[in-house]
Amino acid sequence: QVQLVESGGGLVQAGGSLRLSCAASGRTFSGYSMGWFRRAPGKEREFVAAISGRDGSTYYTDSVKGRFTITRDNAKNTVYLQMNSLKPEDTAEYYCTAEGDNGKLGDYWGQGTQVTVSS
């Protein structure tokens, strides 16, 4: 059974940093893309960042470019999201996702981790 387990969320002041981790088990995701989405209260889930499993290319939504960095450690089957210069509008539940055999992100999801940024 595939599981994605996020950790690292919490409460931080504006301007602070957090590092989210997503540990996968049940299959290896080396060679498959992984990423992060978030859902703020009252809003739709939105894409945050992704990292290709084929060449390591990274992709970000415009609002986090220059502040967030996505990386992966294939040996640990884990993806990370380093979040710097956090803003109150970054407050959301953050979800890890992974590509499966269907060839797209969203085949697998974690349970989410809450990030709250106070002003």
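Use the structure listed above.
Residues numbered from 1 in each chain as written. Predicted model: local features only at pLDDT ≥ 70, side-chain atom pairs only at ≥ 80, totals over all residues. Heavy atoms only, no water.

Caption draft 1: Structural detail: the overall build of the chain. A count of helices and strands for the chain gives zero helices and 11 strands. Ordered by position from N to C terminus, the α and β elements of the chain give β-β-β-β-β-β-β-β-β-β-β. In terms of principal-axis extent, the alpha carbons of the chain reach across some 40 × 25 × 25 Å. A buried classification covers 45% of the 119 residues belonging to the chain. Partitioning the intrachain contacts of the chain with sequence separation of at least 6 by distance along the chain shows that 54% fall at a separation of at least 24. When the accessible surface of the chain is totalled, it reaches about 6,000 Å², and 45% of it is carbon and sulfur. For the chain, the distance from the average position of its 13 positive side-chain charges to the average position of its 12 negative side-chain charges is 2 Å. (Helix = DSSP H or I, 4+ residues; strand = E, 2+ residues; numbered from the N terminus. Buried < 20%, exposed > 50% of the residue type's maximum accessible area, 1.4 Å probe, protein only. Contact = heavy atoms within 4.5 Å. Areas by Shrake-Rupley, 256 points an atom, 1.4 Å probe, with all protein chains shown as cover. Lys, Arg positive; Asp, Glu negative; His and termini not counted. Charge placed at Lys NZ, Arg CZ, Asp CG, Glu CD.)

Caption draft 2: Spotlight on the side chain of Thr78. As for its position among the elements, Thr78 is in strand 8 (residues 78-83). Judged by relative accessible area, Thr78 falls into the buried class, the value being 8%. Looking at Thr78, its side chain comes within polar contact range of the main-chain oxygen of Lys76, at 2.8 Å. Once you skip the residues sitting within four places of it in the chain, Thr78 turns out to touch Cys22, Ala23, Arg72 and Asp73. (Polar contact = N/O pair within 3.5 Å; in protein donor to acceptor, adjacent residues only side chain to side chain.)

Caption draft 3: Quick peek at the environment of Cys96. Tracing the backbone through its elements, the reader meets Cys96 in strand 9 (residues 92-98). Classification of Cys96 by relative accessible area gives buried; the value is 0%. Spatially, the C-alpha atom of Cys96 lies 12 Å from that of Thr71, the residues being 25 residues apart in sequence. Once residues lying within four places of it in the same chain are set aside, the contact partners of Cys96 are Leu4, Glu6, Cys22, Met34, Gly35, Trp36, Val79, Tyr108, Trp109 and Gly110.

Caption draft 4: Focus on the pairing of strand 4 (residues 34-39). In terms of burial, strand 4 is a largely internal element, five of the six residues being buried. The pairing of strand 4 with strand 5 (residues 46-51) spans five bridges and is antiparallel. Considered in strand 5, the bridge of Gly35 is made with Ala50. Hairpin remark: strand 4 followed by strand 5, antiparallel, with six residues in the connecting loop; positive phi at Gly42, about 75°. In terms of strand pairing, strand 4 meets strand 9 through six bridges, oriented antiparallel. Its bridge partner being in strand 9, Trp36 is matched across the sheet by Cys96. (Pairing = 2+ DSSP bridges.)

Caption draft 5: The packing of aromatic side chains, seen in detail. For the structure on display, the rule yields three aromatic pairs. Between Phe29 and Tyr108, the ring centres sit 5.5 Å apart and the planes meet at 75°, which makes this aromatic pair edge-to-face. Of this pair, Phe29 sits in the loop between strand 3 (18-25) and strand 4 while Tyr108 sits in strand 10 (residues 108-109), placing them 79 residues apart in sequence. The exposure class assigned to Phe29 is buried, which follows from its relative accessible area of 0%. Measuring from centroid to centroid gives 5.6 Å for Phe37 and Phe47, while their planes differ by 80°, and the two rings are edge-to-face. Of the two residues, Phe37 sits in strand 4 while Phe47 sits in strand 5, which places them 10 residues apart along the sequence. Since its relative accessible area comes to 17%, Phe37 is described here as buried. (Phe/Tyr/Trp six-rings, centres within 6.5 Å; stacked < 30°, edge-to-face > 60°.)

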